[in-house]
Amino acid sequence: MRTLSLFAGITSLLLASTGCTKENQDDQGYRPAGITFRTDSGYTFQNDTVGLGDTLRIGAMVAKGSEDLDVVYVEMRVNGGNWAKQDTFPFTQNPMAVDFQAIMGNVQRTEDWSVLAVEHNGDATRRSLTFTVQ
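Calculation criteria
- Residues numbered from 1 in each chain as written.
- Predicted model: local features only at pLDDT ≥ 70, side-chain atom pairs only at ≥ 80, totals over all residues.
- Heavy atoms only, no water.
- Helix = DSSP H or I, 4+ residues; strand = E, 2+ residues; numbered from the N terminus.
- Buried < 20%, exposed > 50% of the residue type's maximum accessible area, 1.4 Å probe, protein only.
- Contact = heavy atoms within 4.5 Å.
- Areas by Shrake-Rupley, 256 points an atom, 1.4 Å probe, with all protein chains shown as cover.
- Pairing = 2+ DSSP bridges.
- Axes fitted to C-alpha atoms, helices over the stretch in contact; angles between N-to-C directions.
- Salt bridge = Lys/Arg side-chain N within 4 Å of Asp/Glu carboxyl O.
- Phe/Tyr/Trp six-rings, centres within 6.5 Å; stacked < 30°, edge-to-face > 60°.
- Lys NZ or Arg CZ within 6 Å of the ring centre and 35° of its normal.

Trainee: I would appreciate a short explanation of the overall build of the chain in the present structure.
Mentor: Broken down by element type, the chain carries one helix and eight strands. Across the chain, helices and strands are ordered from the amino to the carboxyl terminus as α-β-β-β-β-β-β-β-β. Residue burial in the chain is summarised as follows: out of 134 residues, 30% are buried. A separation threshold of at least 6 residues defines the contact pool for the chain, and within that pool the share at least 24 residues apart is 65%. Carbon and sulfur atoms make up 49% of the accessible area of the chain, which amounts to about 8,600 Å² in all.

Take a look at the structure:
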């Protein structure tokens, strides 16, 4: 009889512990902002070799992830140096189109142009294109 009671107690414990469900079923984890370069005619959307002083039209669609976005920056750097802000767009709708012109330098170098989406909490998502200027 005592063995039967012990078995029933253990079985009850196992059933109770496996029967729990997560309270928040909507918790899908963190998703970063989505940044996709536009591939329409007239837009540059992939890494490339370009001419000195060329002007490129670049567009991106920016969508919030699991966190709200505050601002979208266009940034540029030369030869892997520090990023420099070129333009700022407040995030006003989801998704949001960001279009800009990237004017290449007049000397041979590598230029990275990026779209940086910044969340309310300061986290950021960056997508970049790299151009070899010759």
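Trainee: Got a minute to help me understand the sheet that holds strand 1 (residues 34-37) in this structure?
Mentor: Strand-to-strand pairing in sheets goes through backbone hydrogen bonds, with the strands running parallel or antiparallel. Taken in spatial order, the three strands of this open sheet run 1-3-6, and their pairing is antiparallel. The outermost strands of the open sheet, each flanked by one partner alone, are strand 1 and strand 6 (96-103). Taking the axes of each pair of neighbouring strands and ignoring which way they run, one obtains an average angle of 25° across the sheet. Judged from the four bridges that link them, strand 1 and strand 3 (residues 55-63) form a sheet pairing that is antiparallel. If you follow G34 over to strand 3, its bridge partner there is A63.

Trainee: Explanation requested: the pattern of salt bridges in the structure shown.
Mentor: Side chains that carry opposite charge are capable of pairing whenever their charged atoms lie near each other. The final tally for this structure, using the stated rule, is eight salt bridges. Note that D99 is salt-bridged to R57, the shortest N-O span being 3.9 Å. Taken together, the residues D99 in strand 6 and R57 in strand 3 connect sequence positions 42 residues apart. Of the charged contacts, one joins E111 and R109 as a salt bridge, the two residues approaching to 2.8 Å between their closest N and O atoms. Among the residues examined, E111 registers a relative accessible area of 0% and is labelled buried. Among the ionic contacts, a cluster of salt bridges with common partners joins R38, D40, R57 and D99.

Trainee: Explain the packing of aromatic side chains to me, please; I cannot follow it from the model alone.
Mentor: Within a pair of aromatic rings, the relevant descriptors are the distance that separates the centres and the angle that separates the planes. Considering all chains together, one arrives at one aromatic pair under this definition. When the centroid spacing of 6.1 Å and the interplanar angle of 25° are considered together, the rings of F100 and W113 count as stacked. On the criterion of sequence distance, the pair formed by F100 in strand 6 and W113 in strand 7 (residues 109-119) is long-range, its members being 13 residues apart. Among the residues examined, W113 registers a relative accessible area of 5% and is labelled buried. We note K85 situated over the ring of Y73; from NZ or CZ to the ring centre the distance is 4.5 Å. It is R126 that lies over the ring of W83; its NZ or CZ is 4.1 Å from the centre.

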